[in-house]
Amino acid sequence: YGDHCLLTADKKIMSDVNRVFNYLEKWKEGAQPLKNCVTLIPCPIGLRKELTHLINREIANAKMNKKAVISLKMNSLSDEDLIMRLYEAAKAGVKINLIIR
C-alpha cells in the first residue's frame, strides 16, 4: 500500500481542491462548497449516489460487451450496500480491482 501524489494544472480539479479546503476552513457555514465540486466526489456529499451510478454504468458496459473495469483504492471496505453492488458488477462481467489497506 502506498500513497500517491497527483500533480495537475487542470483548472477544474484545482477548483474542486480549493472548494474542499474552503469547506475544511469554514465547515460551520455548511457543505455547499462540496456540493459544487465537478471533478472530485467528496464524502459524505453524494459519494454513495455517485459510486452507485458509476458501478451501474460499468454493469451496463459489461452487458453490452464493452470494456468494464472498476478500480477502487481505500482505507477500508465495510459498506454492505457497496460490497453487494461490487458483487453484482463482478457477476455481470466487470473486472474489479480493489486496493484496500
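Presented here is a report on the structure given in the accompanying data block. It should be emphasised that the depicted structure is a prediction, and the values quoted were computed from it without experimental measurement.

Criteria and cut-off values
- Residues numbered from 1 in each chain as written.
- Predicted model: local features only at pLDDT ≥ 70, side-chain atom pairs only at ≥ 80, totals over all residues.
- Heavy atoms only, no water.
- Helix = DSSP H or I, 4+ residues; strand = E, 2+ residues; numbered from the N terminus.
- Expected span 1.5 Å × (residues − 1).
- Buried < 20%, exposed > 50% of the residue type's maximum accessible area, 1.4 Å probe, protein only.
- Arc of directions from axis to C-beta.
- Contact = heavy atoms within 4.5 Å.
- Core = buried A, V, L, I, M, F, W, Y, C linked by side-chain atoms within 4.5 Å.
- Polar contact = N/O pair within 3.5 Å; in protein donor to acceptor, adjacent residues only side chain to side chain.

1. Some points on helix α3 (residues 47-63)
- For α3, which comprises 17 residues, the first-to-last C-alpha distance of 24 Å matches the rise-based estimate of 24 Å (1.5 Å per residue) to within 8%.
- All of the buried residues along α3 are L51, I55, E58, I59, N61 and A62. Each buried residue of α3 lies within a common arc of 160 degrees when the element is viewed along its axis, so the set occupies one face. Facing away from the buried side of α3, by more than 90 degrees, are the exposed residues K49 and K63.
- Packing partners of the buried residues in α3 comprise β1 (69-74) and α4 (80-92).
- Of the residues trailing α3, N65 is marked for its positive phi of about 60 degrees.

2. A short note on the nonpolar core
- Counting twelve residues, the largest nonpolar core is built from L51, I55, I59, A62, A68, I70, L72, M74, L82, L86, A89 and V94.
- The dominant element in this core, judged by the number of residues it contributes, is α3, at four residues.
- Look past the residues within four positions of L72 in its chain and what remains in contact with it is L51, L86, N97, L98 and I99.

3. Points about helix α1 (residues 11-25)
- Given a rise of 1.5 Å per residue, 15 residues ought to cover 21 Å, and the 21 Å separating the end C-alpha atoms of α1 matches this to within 8%.
- Among the residues of α1, the N-terminal cap falls to D10, whose side-chain oxygen and the backbone nitrogen of K12 are separated by 2.8 Å.

These figures come from the coordinates and say nothing about function on their own.
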